[in-house]
Amino acid sequence: MTSDSTTSVPTIRPGLVWPDNRGRHIQAHGGGIIRLNGTWYWFGEDRAEDNDPARRYVSCYASKDLATWEFRNQVLALEDPESFGSEWVLERPKVFYNARTQKFVMYMHVDGRLPGNASRYSVARVAVAISDTVDGDYKYVRSFRPFGKESRDIGQFIDDDGTAYLIFESRPSQGFYIASLSDDYLDVKEIVSFIKSPLEGGAIVRYEGLYYVIGSALTGWWPNANKVATAPSLAGPWSEFTDIAPPISHTYMSQSSNLIKVTGSETTTVIYVGDRWRPEEIWDSRYVWMPVRIGNGQLELPAPVPWSIDVETGRVQY
Ligand code: GAL
């Protein structure tokens, strides 16, 4: 965002308009963030007001400091790919880099109304798209229900050893799944864990040998008390869920989408990445990014304030 005169690194201001290098509010809602060769790439739903209403868009931004973001490309500008219907939905895109095939593989939640169904979220599938470059034009491949299961909100987790996992929420099972991906990442391979708790917006981080999973309750665009559980291994056993913030704050009016781990030379900082949705003006939905207090099985989101991070050292300033 803007430069702060007291520090050499720019400030992140949770909840405010977040301009990109063109001065436009970043369009990367329900986003996913990956790091490649010292650059972070942020992908998310591009809900810009001037987009073609028949298409659904994903945009990609790049940053070296997590605060100033350069718009790279609308990497997907998709017309209804499989006759999902005029109200079709593309949400929560996440991109994985597959070192074996050297392709970038995007997962997204696609949805629409099944014939005769009241809900515009009854298709309940994931879709994949592929690109040779991180910010190139992604080519739609297909959609499917992972392991035949209904899938709505998705999340991504890349473990410290580079293994990639897809998180997906499944209403009929009242919980969410962590799944490994096939060698080419174009399919799911195996269910690593099923967490029987009705949560979405799932995100995971590994910190000091413990896995932390966070998620929100199922209240649509309206924010609720997001929760955390931990486990010594991705397969579990998972602890009970506890609130990450005072419930009355509704997670400071946000919903989880990601946890970013910044491993610096001095310290490791974990950043909560959430969306403050504004369903009536969805393009103006805001981002709530804050470093969390984490360790010994606890993860707490402090009240949002402006902050900055030195990504070399991992140190945060408020
Ligand atoms: C939320 C979900 C969003 C979007 C919204 C629609 O629960 O996390 O991605 O699907 O519902 O109501």
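Described in the following lines is the structure provided in the data block. (Residues numbered from 1 in each chain as written. Predicted model: local features only at pLDDT ≥ 70, side-chain atom pairs only at ≥ 80, totals over all residues. Heavy atoms only, no water.)

1. Describing the overall build of the chain
Logical step 1: Broken down by element type, the chain carries one helix and 23 strands.
Logical step 2: Relative to its length of 318 residues, the chain is compact, with a C-alpha radius of gyration of 18 Å against a globular reference of 20 Å.
Logical step 3: Overall, the C-alpha framework of the chain stretches about 55 × 45 × 45 Å when taken along its three principal axes.
Logical step 4: Contacts in the chain between residues far apart in sequence, at least 24 positions, make up 49% of those at least 6 positions apart.
Logical step 5: When the accessible surface of the chain is split by element, carbon and sulfur atoms take 48% of a total near 13,300 Å².
Logical step 6: Averaging the coordinates of the 32 positive side-chain charges in the chain and doing the same for the 40 negative ones gives two points 2 Å apart. (Helix = DSSP H or I, 4+ residues; strand = E, 2+ residues; numbered from the N terminus. Rg over C-alpha atoms; globule rule 2.2 N^0.38 Å. Contact = heavy atoms within 4.5 Å. Areas by Shrake-Rupley, 256 points an atom, 1.4 Å probe, with all protein chains shown as cover. Lys, Arg positive; Asp, Glu negative; His and termini not counted. Charge placed at Lys NZ, Arg CZ, Asp CG, Glu CD.)

2. Observations concerning a nonpolar patch on the surface
Logical step 1: Side chains of Phe147, Ile191 and Phe194 sit close together on the surface and give an oily, nonpolar patch of about 220 Å² of accessible area.
Logical step 2: Mapped onto the fold, Phe194 is located in strand 12 (residues 188-195).
Logical step 3: Its relative accessible area of 32% is what places Phe194 among the partly exposed residues. (Patch = residues over 30% accessible without salt bridge, like charges linked within 9 Å, V, L, I, M, F, W, Y side chains within 5 Å. Salt bridge = Lys/Arg side-chain N within 4 Å of Asp/Glu carboxyl O. Buried < 20%, exposed > 50% of the residue type's maximum accessible area, 1.4 Å probe, protein only.)

3. A short note on the nonpolar core
Logical step 1: Of all hydrophobic cores here, the largest spans 38 residues; its most connected members are Trp42, Leu66, Trp69, Ile260, Ile271, Trp289 and Leu299.
Logical step 2: Looking at this core, the elements with two or more residues in it are strand 2 (39-46), strand 13 (200-207), strand 14 (210-216), strand 17 (255-263), strand 18 (268-276) and strand 19 (286-291).
Logical step 3: By size, the runner-up hydrophobic cluster in this structure holds 24 residues, among which are Ile34, Val58, Ala62 and Ala129. (Core = buried A, V, L, I, M, F, W, Y, C linked by side-chain atoms within 4.5 Å.)

4. Structural notes on the site of the ligand
Logical step 1: Taken together, the neighbourhood of the ligand is formed by Glu91, Arg92, Tyr121, Asp153, Glu200, Gly220, Trp221 and Gln255.
Logical step 2: Compared with its free state, where it exposes 310 Å², the ligand has 89% of that area covered by protein.
Logical step 3: Grouping the amino acids of the shell around the ligand by side-chain chemistry returns two nonpolar, two polar and four charged. (Near = heavy atom within 4 Å. Nonpolar A, V, L, I, M, F, W, Y, C, P; charged D, E, K, R; others polar.)

5. Comments concerning the sheet that holds strand 1 (residues 29-36)
Logical step 1: If you walk across this open sheet you meet the four strands as 1-2-3-4, and the pairing is antiparallel. Edge positions in the sheet fall to strand 1 and strand 4 (70-79), since each has one partner strand and no second. Across this sheet, the average inter-strand angle for adjacent strands is 20 degrees, counted without regard to direction.
Logical step 2: Bridge count between strand 3 (residues 55-63) and strand 4: eight bridges; the pairing is antiparallel. (Pairing = 2+ DSSP bridges. Axes fitted to C-alpha atoms, helices over the stretch in contact; angles between N-to-C directions.)

6. Details of unusual backbone geometry
Logical step 1: Note that the residue after Gly236, namely Pro237, is joined by a cis bond; omega there is 0 degrees.
Logical step 2: The topology assignment puts Pro237 in the loop between strand 15 (227-231) and strand 16 (242-243).
Logical step 3: A positive phi angle, close to 70 degrees, is found at Tyr185, a residue other than glycine.
Logical step 4: If you trace the backbone, Tyr185 turns up in the loop between strand 11 (175-181) and strand 12.
Logical step 5: Positive phi, close to 50 degrees, is recorded for His250, a residue that is not glycine.
Logical step 6: Position of His250 among the secondary structure elements: in helix 1 (residues 250-253).
Logical step 7: Overall, His250 belongs to the partly exposed group, its relative accessible area being 26%.

7. Here we look at the packing of aromatic side chains
Logical step 1: This structure, assessed with the given rule, holds 20 aromatic pairs.
Logical step 2: When the ring of Tyr61 is compared with that of Phe71, the centres are 5.5 Å apart and the planes differ by 70 degrees; the resulting orientation is edge-to-face. Highlighted residues: Tyr61 in strand 3 and Phe71 in strand 4, separated in sequence by ten residues.
Logical step 3: These aromatic residues form a ring-pair network of at least three members: Trp18, Trp42, Tyr61, Trp69, Phe71, Tyr287 and Trp289.
Logical step 4: Lying across the ring of Phe71, Arg22 places its NZ or CZ 3.7 Å from the centre.
Logical step 5: Positioned above the aromatic ring of Trp40 is the side chain of Arg35, whose terminal nitrogen or guanidinium carbon lies 4.4 Å from the ring centre. (Phe/Tyr/Trp six-rings, centres within 6.5 Å; stacked < 30°, edge-to-face > 60°. Lys NZ or Arg CZ within 6 Å of the ring centre and 35° of its normal.)

8. Notes on the sheet that holds strand 15
Logical step 1: The antiparallel open sheet is built from four strands, whose spatial order is 13-14-15-16. Of all the strands in the sheet, the pair left with one neighbour each is strand 13 and strand 16.
Logical step 2: In this structure, strand 14 lies alongside strand 15, joined through five bridges in antiparallel fashion. Residue Tyr212 lies in a different strand from strand 15, and its bridge partner there is Thr230.

9. Focus on empty space enclosed by the protein
Logical step 1: Applying the stated criterion across every chain yields a total of one cavity of 30 Å³ or more.
Logical step 2: Considering only enclosed or pocket space, the largest cavity measures out at about 40 Å³ in volume.
Logical step 3: Surrounding the largest cavity, 13 residues form its lining, Ile167, Leu199, Glu200, Gly201 and Gly202 being those nearest its centre.
Logical step 4: Those elements that provide at least two residues to the lining of the largest cavity are strand 9 (154-158), strand 10 (164-170), strand 13 and strand 14.
Logical step 5: Residue classes in the lining of the largest cavity are distributed as six nonpolar, four polar and three charged. (1 Å grid on protein atoms, 1.4 Å probe; cavity = no way out; pocket = protein on both sides within 12 Å on 5 of 7 lines; lining within 4 Å. Points joined across faces, edges and corners; volume = space filled by probe spheres on them.)

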